[in-house]
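Coordinates in review
What follows is each chain in one-letter form.
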Amino acid sequence: MQSTKAYRVAAGVALATPLLLFWVIGAVGLIGVEGDPFDRIYAGVVGVGLVGAVIARLRPAGMARAMFAAGGAQAVVIVIALIVGKQHVAVSSVPEIVLLNGFFVALWCAAALLFRRAARESGAARESGAPPSR
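Here's what I pulled together on the structure shown here. (Residues numbered from 1 in each chain as written. Predicted model: local features only at pLDDT ≥ 70, side-chain atom pairs only at ≥ 80, totals over all residues. Heavy atoms only, no water.)

**Here's the deal with the layout of surface pockets**
- By volume, the largest pocket amounts to about 250 Å³.
- Lining the largest pocket are 15 residues, and of these Ala-14, Leu-15, Ala-53, Leu-58 and Met-63 sit closest to its centre.
- Looking at the lining of the largest pocket, the elements with two or more residues in it are α1 (5-27), α2 (42-56), α3 (60-83) and α4 (94-128).
- Per-element accounting of the lining of the largest pocket gives the leading share, five residues, to α1.
- Partitioned by chemical class, the residues of the lining of the largest pocket number 14 nonpolar, one polar and no charged. (1 Å grid on protein atoms, 1.4 Å probe; cavity = no way out; pocket = protein on both sides within 12 Å on 5 of 7 lines; lining within 4 Å. Points joined across faces, edges and corners; volume = space filled by probe spheres on them. Helix = DSSP H or I, 4+ residues; strand = E, 2+ residues; numbered from the N terminus. Nonpolar A, V, L, I, M, F, W, Y, C, P; charged D, E, K, R; others polar.)

Here it is in structure tokens:
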């Protein structure tokens, strides 16, 4: 496992994102009203990230791809929600759906970019023969 600062921050963001996502869903619902069955689709988003992390074996370059995939899955939720007409529910509008989900897309992508940075740092450290920075 990598011990660079970028990796640790990336891991923190990657762990905080689904926690925040499920907290928001439990508190008020992300799309539609609280308890809307549509919110179950977010389990698939988190599943994409988890499966990617397992495949990557927590290595930074693979984790970057996994987090980009989770961000892409979150973006697909926007498209699905708009196709099925969730914007016509009284409590969900197009801007709300796009902005709330866009916020989570940004968090997934931030984690991905930090993992990418950690991969570059660990690659540079290996090339120079120096241990990874802490």
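Resuming the write-up.
**Points about the packing of α2 against α3**
- Axis separation between α2 and α3 bottoms out at 8 Å; the angle between their running directions is 165°. Taken as axis vectors, α2 and α3 run roughly antiparallel relative to one another. When the axes of α2 and α3 are compared, the crossing they make is right-handed. Across from Tyr-42, Val-45, Val-48, Gly-49, Gly-52, Ala-53 and Ala-56 in α2, the residues of α3 making contact are Gly-62, Met-63, Ala-66, Met-67, Ala-69, Ala-70, Ala-73, Gln-74 and Val-77.
- Within the contact of α2 with α3, the residues separate by chemical class into 12 nonpolar, four polar and no charged. (Axes fitted to C-alpha atoms, helices over the stretch in contact; angles between N-to-C directions. Parallel < 35°, antiparallel > 145°, perpendicular 65-115°, else oblique. Left-handed = near helix turned anticlockwise from the far one by under 90°. Contact = heavy atoms within 4.5 Å.)

**Describing a nonpolar patch on the surface**
- A surface patch of nonpolar side chains, about 440 Å² in accessible area, is lined by Val-76, Val-79, Ile-80, Ile-83 and Val-84.
- Relative to the helices and strands, Ile-83 is located in helix α3. (Patch = residues over 30% accessible without salt bridge, like charges linked within 9 Å, V, L, I, M, F, W, Y side chains within 5 Å. Areas by Shrake-Rupley, 256 points an atom, 1.4 Å probe, with all protein chains shown as cover. Salt bridge = Lys/Arg side-chain N within 4 Å of Asp/Glu carboxyl O.)

**Digging into the environment of Ala-14**
- The residue Ala-14 is located in helix α1 in this model.
- Between the alpha carbons of Ala-14 and Ala-70 there is a distance of 9.9 Å; along the sequence they are 56 residues apart.
- Each residue touching Ala-14, except ones within four places of it in the same chain, is listed here: Met-67, Trp-108, Ala-111 and Phe-115.

**Structural notes on the packing of α1 against α2**
- Running from N to C, α1 and α2 cross one another at 170°; their axes reach a closest spacing of 11 Å. The angle between the axes of α1 and α2 places the two elements in the roughly antiparallel class. Between α1 and α2, the contacting residues are Pro-18, Leu-21, Phe-22 and Ile-25 on the first element and Tyr-42, Ala-43 and Val-46 on the second.
- A breakdown of the residues in the contact of α1 with α2 according to their chemical character gives seven nonpolar, no polar and no charged.

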